[in-house]
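Observations on chain architecture
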Protein chains: 2
Amino acid sequence: MDDLSKLCIHTITTKPWSIEEAMDKYAEAGVAGITVWRQWLEGRDISRVGDELRSRNLEIVSTCRGGFFPATTKQGIDDAIEDNRLAIREAAELGAPMVVLVCGAVPGQPLVEARKQITDGIAAVLPLAEELNVRLAIEPLHPMYADDRSAINTMASANEVCDQLDHPLVGIAADVYHIWWDPDLESQIQLTAEKNRLFAFHICDWKTPTTDFLNDRGLMGEGCIDVPGIRKMVEATGFDGFNEVEIFSERWWAKDQDEFLQAITHAYLNHS
Amino acid sequence: MDDLSKLCIHTITTKPWSIEEAMDKYAEAGVAGITVWRQWLEGRDISRVGDELRSRNLEIVSTCRGGFFPATTKQGIDDAIEDNRLAIREAAELGAPMVVLVCGAVPGQPLVEARKQITDGIAAVLPLAEELNVRLAIEPLHPMYADDRSAINTMASANEVCDQLDHPLVGIAADVYHIWWDPDLESQIQLTAEKNRLFAFHICDWKTPTTDFLNDRGLMGEGCIDVPGIRKMVEATGFDGFNEVEIFSERWWAKDQDEFLQAITHAYLNHS
């Protein structure tokens, strides 16, 4: 059962490939969806990239990433909001229905303040998101990133921001890497789905030992995360979106990317 | 105000020093308390070490560490329980009123199962702890250690185990390094104290960037944790125990430990 119809790959997963290479390779391999990191659009005619993706039957799942709202100056806060507006416009131009938000944090700034700035920042860009009909998916990041990448570190915390904004375009991207350890994982996934805000599901694995805070993620099956179990929890809610493979790995990036892509589809079919 | 009367140092913080060196140096510096890691007792007459610590007016706050209960075989589980009984006997011999528990986890074992084994393991050693009047402090570990060090990763999760065991000798060691990011930090500290189970308070700092998962902790003031703020939360509950400096740092261990000890007392007085 080579069913890749719900497999999406993030362009950063195969970092050595340009968007042109990635779209050809993914399509050839039968991958059904793609999430495009914004760096892959630099210097490109974005709407044309969107057409090329669609012509290969690749569903554009989302772009990555907006966010990084908190700052310690008014200018910094304003710049972040402008960049998020740009991300929303880029997504619309590409034909992506969603932007994933890595919400941001500033070392030493109280997390409570960062969370307030995140909520305010999303509120500030929501009118444009409405106008262009682009969804915003808050991705709770593992607590080991609470210093400088995200003050939103659990599904519960992401749900709190969603509750405050209470808007159908604001939801959550659940990534197993960030949330697998959470004792409230299942109830939070259910709650998120009940509130119609489970927007995305990202998969990879947690290696033991992990040797780098950012770029040592594992392929599904290489680590300790029960990816099939979490996927079952997600699908039990009625979620029928993509399983998005998002792996940052110096180890895998150093290998032949064609082999890596084969390993991804194999791991997807056997360990997720 | 050189008030070091609530300063405790973990022997692992000054790893290059033996227990004999550490006790002399700490006492000379006016440090009031010591937490003894069990490796520092190897090959020693434990009760005599206790006498020597007391003769220098060093209060023995606890020993580190018991725990690591989960295993995948009956033998492994039994061995862990035996080692924890040994830890309790050692603490009693030393004259330490408490053993800190790093509860353990096995990569790939469901965390729910690990948590059950942890609860059962503590229950199995409780009779000996009662007999020798030794308290057991569950230390929730940062979620980045959920793969192989602890399945207990939040104060709430530790409180759940405590609720199940419901015993005055079972409580929690709160370490800022592990819990600073928690959105429920303040309420969990309050709840823990209300239940008379806030047994210990450990301090250090989180550096940005952190370059090693284990041994790159910062001295208070070197990172992003609001140690004074968390200490205020803890003391507002009526907690009047020690502030225990527990730092694993290749960087600091490579330096002159006399200078490090000076830096610790300075940081304690100025950044905690």
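A short tour of the structure in this document, coming up. (Residues numbered from 1 in each chain as written. Chains lettered and ligands numbered in written order. Predicted model: local features only at pLDDT ≥ 70, side-chain atom pairs only at ≥ 80, totals over all residues.)

1. Looking at the overall build of chain A
From N to C terminus, chain A includes 10 helices and eight strands. Against the 2.2 N^0.38 benchmark of 19 Å for 272 residues, chain A shows a C-alpha radius of gyration of 17 Å, consistent with a compact globule. Counting only residues that meet the buried cut, chain A has 52% of its 272 residues in that class. When contacts within chain A are restricted to residue pairs at least 6 apart in sequence, long-range pairs at least 24 apart make up 78% of them. (Helix = DSSP H or I, 4+ residues; strand = E, 2+ residues; numbered from the N terminus. Rg over C-alpha atoms; globule rule 2.2 N^0.38 Å. Buried ≥ 20, exposed ≤ 12 C-beta atoms within 10 Å, placed from the backbone. Contact = placed C-beta atoms within 7 Å.)

2. Side note on the relation of the copies chain B and chain A
Laying chain B over chain A is done by rotating through 180° and shifting 0.0 Å along the axis; what remains is an RMSD of 0.0 Å. When the rotation and shift are considered jointly, the pair of chain copies conforms to a two-fold rotation axis. Both copies share a contact surface, since 100% of the interface residues of chain B are interface residues in chain A too. (Least-squares fit on C-alpha atoms with pLDDT ≥ 70 in both.)

3. Digging into the pairing of strand β3 (residues 59-67) of chain A
All names here are of chain A. Among the nine residues of β3, eight are classified as buried, and the element is accordingly described as predominantly covered. When strand β2 (residues 33-37) meets β3, the two strands line up parallel, connected through five bridges. Within β3, the residue paired with I34 across the bridge is I60. A crossover connection joins β2 to the parallel β3 through helix α2 (residues 46-55); in handedness this β-α-β unit is right-handed. Alignment of β3 against strand β4 (residues 98-102), held across four bridges, turns out to be parallel. Residue pairing across strands places T63 opposite V99, the latter belonging to β4. Crossover handedness for the path β3 to helix α3 (residues 74-94) to β4: right-handed. (Pairing = 2+ DSSP bridges. Right-handed = clockwise from strand over helix to strand, strands pointing away.)

4. Examining the interface of chain B and chain A
Of the residues lining the interface, 21 residues belong to chain B; the matching set on chain A comes to 22 residues. Of the residues that constitute the side of chain B that touches chain A, the class distribution is 11 nonpolar, seven polar and three charged. (Nonpolar A, V, L, I, M, F, W, Y, C, P; charged D, E, K, R; others polar.)

5. Topic: the sheet that holds strand β6 (residues 170-175) of chain B
Backbone hydrogen bonds hold the strands of a sheet together, and the pairing may be parallel or antiparallel. Residues and elements named next belong to chain B. Read around the closed barrel, the eight strands follow the order β1-β2-β3-β4-β5-β6-β7-β8; overall the barrel is parallel. Direction aside, neighbouring strands of the sheet carry axes that sit 30° apart on average. Relative to strand β8 (residues 243-245), strand β1 (residues 7-10) runs parallel, the two sharing three bridges. Its bridge partner being in β8, I9 is matched across the sheet by V245. Relative to the sheet, helix α5 (residues 155-165) contacts β5 (135-138) and β6, its axis offset from that of β6 by approximately 170°. (Axes fitted to C-alpha atoms, helices over the stretch in contact; angles between N-to-C directions.)

6. Section: unusual backbone geometry
Of all residues except glycine, most have a negative phi; of all peptide bonds, most are trans. A cis amide bond links A:T208 to the next residue, A:P209, at an omega of -5°. Examined against the element boundaries, A:P209 turns out to sit in the loop between β7 (198-203) and α8 (227-236). Residue B:R65 is reached from B:C64 by a cis peptide bond, and omega for that bond is 0°. Notably, B:F68 is not glycine yet its phi reads approximately 50°, a positive angle. Counting through the fold element by element, B:F68 comes out in the loop between β3 (59-67) and α3 (74-94). On the basis of neighbour count, B:F68 is assigned to the buried category, with 22 C-beta atoms found within 10 Å.

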